[in-house]
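Commentary on secondary and tertiary structure
Here is what each chain is made of, one letter per residue.
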Amino acid sequence: MLRFKNLGSGSTGNATVVEGSSGTQVRRLLIDCGFGIRQLQARLAQAQLQPEDLDAVFITHEHSDHIGCAQALAVRYRIPVWMSEGTHAALGFPDLDGLLQVAHDLEAIDLGEFQARPFTVPHDAREPLQLRCSDGAAHLGVLTDLGHASPHVLEQLQGCHALMIEANHDPGMLQASRYPPFLKRRVGGPYGHLANAATADILRTVQHAGLLQVVAAHLSAQNNTPALAQEALAAALDWTAEEITVASPTQGTDWLRVGERQWGG
Ligand SMILES: [Zn+2]
Ligand SMILES: [Zn+2]
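So, here is what we can say about the structure in this document.

**A closer look at the pattern of salt bridges**
Overall, the coordinates contain seven salt bridges when judged by the stated rule. Across the pair R3 and E19 runs a salt bridge whose closest N-O atoms are separated by 2.8 Å. Of the two residues, R3 sits in strand β1 (residues 2-8) while E19 sits in strand β2 (residues 15-22), which places them 16 residues apart along the sequence. Since its relative accessible area comes to 24%, R3 is described here as partly exposed. According to the relative accessible area criterion, E19 is buried, its value standing at 6%. For E260, the salt bridge identified is with R257, shortest N-O distance 3.3 Å. Judged by relative accessible area, E260 falls into the partly exposed class, the value being 32%.

**Side note on the packing of aromatic side chains**
Ring pairs (aromatic) are described by centroid distance and by the angle formed between their planes. The tally for this structure, following the rule as stated, stands at zero aromatic pairs. One cation-aromatic arrangement involves R3 over W255; the distance from NZ or CZ to the ring centre is 3.8 Å. Sitting over the ring of W239, R261 keeps its end group 4.8 Å from the ring centre.

**Quick notes on helix α1 (residues 37-46)**
Turning to α1, its buried residues are I37, L40, R43 and L44. In an axial view of α1, the angular spread of the buried residues amounts to 125°, which keeps them on one side of the axis. The inward-facing, buried residues of α1 abut β1, β2, β3 (25-31) and α3 (70-77). One or two steps after α1, the chain reaches Q48, where phi turns positive at roughly 60°.

Rules of the game
- Residues numbered from 1 in each chain as written.
- Chains lettered and ligands numbered in written order.
- Predicted model: local features only at pLDDT ≥ 70, side-chain atom pairs only at ≥ 80, totals over all residues.
- Heavy atoms only, no water.
- Salt bridge = Lys/Arg side-chain N within 4 Å of Asp/Glu carboxyl O.
- Helix = DSSP H or I, 4+ residues; strand = E, 2+ residues; numbered from the N terminus.
- Buried < 20%, exposed > 50% of the residue type's maximum accessible area, 1.4 Å probe, protein only.
- Phe/Tyr/Trp six-rings, centres within 6.5 Å; stacked < 30°, edge-to-face > 60°.
- Lys NZ or Arg CZ within 6 Å of the ring centre and 35° of its normal.
- Arc of directions from axis to C-beta.
- Contact = heavy atoms within 4.5 Å.

Right, here's the structure in full:
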């Protein structure tokens with residue numbers, strides 16, 4: 001069984017737990033760690049977890065809303081940390097006390113109860129990777145920071161039963177915002193973040209009968225609203241707006257089981 005719970009998503013911090021289990025065996029991966037350590041512990045507690053329950057951490061890229069307390073958490077609780085060579089370099093080659101594991105595009109990470117397969121994405125970081133997780137039967141795509149959908153990204157998202165995907169902004173709200181021009185260009189550019197319509201296009205491309213669950217993530221607090229994101233994504237799939245779960249910056253989502261039609265923020 002594969003399930004996941006987002007612990008919070010947005011420019012103020014991102015973290016998601018993916019859990020695979022069979023019988024009494026349980027393995028958990030924390031994808032991104034973009035909070036301070038106390039905040040992360042409080043959010044894990046809301047998921048009925050402690051840091052000791054995590055088997056590995058995967059860092060998608062070096063931006064602070066994804067790194068957060070990764071180093072302190074890993075060293076304090078002796079948890080292996082996966083990241084690309086480029087992310088490690090961009091962070092200034094931190095000494096992770098032997099816990100660093102280097103992740104590569106399309107090289108699956110075996111977590112026992114499930115596998116996580118990183119894939120390269122276009123985003124303005126040194127070597128960003130996002131993930132597809134699978135226990136063989138259920139497939140979950142996690143994609144939080146993306147400038148545009150490359151053919152490689154679309155290929156990795158084929159056949160997923162659940163997708164957690166960025167729906168960052170509404171272009172009209174971004175243009176009307178108080179963001180300085182360079183930031184508007186960065187966010188809306190091909191290596192920035194996805195507009196709702198761009199996320200909708202991706203969903204249209206990868207939709208299949210087995211896609212049962214979509215979580216809209218990394219919504220801009222200034223330049224988007226949950227309702228706008230839900231409306232755009234639901235229209236692409238011919239779903240109702242409530243069937244799109246929105247990951248909130250403070251609460252994340254409920255635990256969601258991959259391969260079942262569930263929603264709930
Ligand atoms: Zn980023
Ligand atoms: Zn981010």
